[in-house]
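# Reading the structure
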Amino acid sequence: MSDSLDLSPLSQKDLICTSLLPVADIERIYAVARQLKAGRDVHTRVLANKRLAMIFEKDSLRTRFTFDIGMNDLGGSVSFMDHRDARIGSRESVKDIAKNLERWVHGIVARTFKHKVLEDLAAAAGIPVINGLSDHVHPCQALADFFTLVEKWDTLRGRTVTFVGDGNNTCHALIHTAVKLGVHIRVCSPEGYEPNSRVVNEAMRAAQETGAEVQILNDPKQAADGADAIYTDVWASMGQEDEIEERNGIFAAYQVDEELMSLAKPGALFMHCLPAHRGKEVSQQVMDGPRSIVYDIAENRLHVQKAILALLIR
Ligand code: CP
Ligand code: NVA
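Residues numbered from 1 in each chain as written. Chains lettered and ligands numbered in written order. Predicted model: local features only at pLDDT ≥ 70, side-chain atom pairs only at ≥ 80, totals over all residues. Heavy atoms only, no water.

Ranked by size, the top nonpolar core spans 61 residues in total, and within it Ile29 and Phe146 carry the most contacts. For Phe146, the contacting residues outside a window of four places in its chain are Tyr30, Leu156, Val161, Leu174, Thr177, Ala178, Leu181 and Val183. One finds Tyr193, Ala223, Tyr254 and Ala276 within the second-largest nonpolar core, a separate group that totals 23 residues. (Core = buried A, V, L, I, M, F, W, Y, C linked by side-chain atoms within 4.5 Å. Buried < 20%, exposed > 50% of the residue type's maximum accessible area, 1.4 Å probe, protein only. Contact = heavy atoms within 4.5 Å.)

Below is the structure:
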């Protein structure tokens, strides 16, 4: 099977943000992910003798397991460094971490608070650096989200995805990726919790090339109206634990429930990056209902990230 995989390199060394990824690269990732998924029991050992370092400042289930399993499926190995007790760069500089790791491994996945740590790692390392989530964006998530939507809908162009909730890392990645793929994106947040205006402005510029529309709203009903999919994420992200109670109050009217879903198109899909809090950002009924594709997305994290590894690691 590996013979038929086109693993010529992507145009980028790293995957830090999907805003930096040309559409042609996204299409290549999806093509390889489809092939790997179709032959899921075939271990294509295209990364035999390659090693991946994973450094995580935050908890993870999906990202950690899918990169670990994915790298092993492809014949490689993984070393994990739990960095939850100290920020990356506190014991030694980010540059020196990169310069050491590049002597031992062939790629790095990092999950950080500061996005700049990822950018600095990528700038210093001669090997690929993959963003496993930063406070700013979650590119692997968004790539799996839209890969899953292609499976459901065949074509993405002209569809509308509505994100209801905090204008956070997941939301930013969704915006950047949607506009590249010609998907209209609506974001609906309480006032003061809208996505970063630089992300929105950059997305609006990128949208001009694909015909996508970007709308930032505060009214969930307006945002849900006629949407093809409704997406939500936690109201307080990792690192914002001390704001949980305050946010639970501010976001209470932003729960994705049956009533909100009923305003979307018939058959509209429900999406969540997970972990989810039933009874908070999503009702139990919607989360576990027939329109929910949350576990399909979680499965596709594996296939999409295997493709990313296969295409970036040399
Ligand atoms: N969606 C996601 O990235 O999950 P984890 O935080 O468990 O990795
Ligand atoms: N916005 C969430 C996403 C987790 C995958 C967080 O950063 O905690």
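In the vicinity of ligand 2, the contacting residues are Leu133, His138, Asn168, Asn169, Thr170, Asp233, Val234, Ser237, Met238 and Leu274. One nitrogen or oxygen atom from the side chain of Ser237 is found 2.7 Å from a nitrogen atom belonging to ligand 2. The separation between an oxygen atom of ligand 2 and a polar main-chain atom of Met238 is 2.8 Å. In the complex, the protein chains occlude 94% of the 270 Å² of accessible area that ligand 2 would expose alone. One can see that ligand 2 is located within the largest pocket. Grouping the amino acids of the shell around ligand 2 by side-chain chemistry returns four nonpolar, five polar and one charged. (Near = heavy atom within 4 Å. Polar contact = N/O pair within 3.5 Å; in protein donor to acceptor, adjacent residues only side chain to side chain. Areas by Shrake-Rupley, 256 points an atom, 1.4 Å probe, with all protein chains shown as cover. 1 Å grid on protein atoms, 1.4 Å probe; cavity = no way out; pocket = protein on both sides within 12 Å on 5 of 7 lines; lining within 4 Å. Sits in = over half its atoms within 2 Å of the grid points. Nonpolar A, V, L, I, M, F, W, Y, C, P; charged D, E, K, R; others polar.)

Pairing in this open sheet of five strands is parallel, and the strands run β7-β6-β5-β8-β9 from one edge to the other. Sheet topology places β7 (214-217) and β9 (269-272) at the edges, where each strand pairs with a single neighbour. On average, each strand axis in the sheet is inclined to that of its neighbour by 20°, with strand direction left out of account. The pairing of strand β8 (residues 229-232) with β9 spans four bridges and is classified as parallel. The residue of β9 that forms the bridge with Ile230 is Phe270. (Pairing = 2+ DSSP bridges. Helix = DSSP H or I, 4+ residues; strand = E, 2+ residues; numbered from the N terminus. Axes fitted to C-alpha atoms, helices over the stretch in contact; angles between N-to-C directions.)

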